[in-house]
Amino acid sequence: MRRKDREITDFDEIIGIIRKCDVCRIALYDEGYPYIVPLNFGLEVKGKEIFLYFHCAMQGKKLDLISRDNRAAFEMDCGHKLILNEEQMSCTMAYESVAGHGTIEVVPDQDKLEALKVLMKQYHAQDFEFRTEPMDVTTVLKMTVVAVTGKRRKPV
């Protein structure tokens, strides 16, 4: 990372940023160009291991690409604030971001409910009762994160 002064290396700080985000973008290999898609996600932490959960339809481009190559990169960010310096006639942006990569697998049917509960906790602090009928037409994905970095530019 070029800007070491903005790098976040503390695992708990990185997890804190992930918890503040509401969208995770994943990038998949698509024959010459990356395929990037924004997704809702859930976070599970076991020790120092990070797992991200996503949901989608039962078919589509994302699943086709994952079936060919399950490696993926991801990025999420939050805390955006424009920083203007009228005196110097310049501007920049405050932010917090997390990026990394890992492998994605389809969650087996018997584990879908627990994975979707993890996903819901990202957006609703308390346990949320939800209908389970749509699970029959929902694919749940699990990314095992193998590398992660954090970066922050603090507001002035």
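Just so it is clear, the model here is predicted, and its values are computed rather than measured.

1. Looking at the overall build of the chain
In terms of helices and strands, the chain carries three helices and eight strands. Going residue by residue from the N terminus, the α and β elements of the chain occur as β-α-β-β-β-β-α-β-β-α-β. Each of the three principal axes of the chain carries a C-alpha extent, and together these read 60 × 40 × 30 Å. Evaluated residue by residue, the chain yields a buried proportion of 38% over its 156 residues. For the chain, the proportion of contacts with a sequence separation of at least 24, taken over those separated by at least 6, is 72%. Just so you have it, the chain exposes about 9900 Å², and 50% of that area is on carbon and sulfur atoms. The distance from the centre of the 23 positive side-chain charges to the centre of the 25 negative ones in the chain is 5 Å.

2. Here's the deal with the pairing of strand β2 (residues 24-30)
Alignment of β2 against strand β3 (residues 33-39), held across seven bridges, turns out to be antiparallel. Considered in β3, the bridge of Leu28 is made with Tyr35. Hairpin remark: β2 followed by β3, antiparallel, with two residues in the connecting loop; positive phi at Glu31, about 45 degrees. Bridge count between β2 and strand β6 (residues 71-85): four bridges; the pairing is antiparallel. Residue Arg25 lies in a different strand from β6, and its bridge partner there is Glu75.

3. Some words on the packing of aromatic side chains
Enumeration over the complete set of coordinates arrives at one aromatic pair. On the basis of an interplanar angle of 75 degrees and a centroid distance of 6.5 Å, the ring pair of Phe41 and Tyr123 is categorised as edge-to-face. In this pair, Phe41 sits in the loop between β3 and β4 (42-46) while Tyr123 sits in the loop between α3 (112-121) and β8 (139-153), placing the two residues 82 residues apart along the sequence. Residue Tyr123 is classed as partly exposed on the basis of its relative accessible area, which comes to 34%. When the ring centre of Phe51 is taken as reference, the NZ or CZ atom of Lys46 above it lies at 5.7 Å. We note Lys142 situated over the ring of Phe51; from NZ or CZ to the ring centre the distance is 4.5 Å.

Calculation rules
- Residues numbered from 1 in each chain as written.
- Predicted model: local features only at pLDDT ≥ 70, side-chain atom pairs only at ≥ 80, totals over all residues.
- Heavy atoms only, no water.
- Helix = DSSP H or I, 4+ residues; strand = E, 2+ residues; numbered from the N terminus.
- Buried < 20%, exposed > 50% of the residue type's maximum accessible area, 1.4 Å probe, protein only.
- Contact = heavy atoms within 4.5 Å.
- Areas by Shrake-Rupley, 256 points an atom, 1.4 Å probe, with all protein chains shown as cover.
- Lys, Arg positive; Asp, Glu negative; His and termini not counted.
- Charge placed at Lys NZ, Arg CZ, Asp CG, Glu CD.
- Pairing = 2+ DSSP bridges.
- Phe/Tyr/Trp six-rings, centres within 6.5 Å; stacked < 30°, edge-to-face > 60°.
- Lys NZ or Arg CZ within 6 Å of the ring centre and 35° of its normal.

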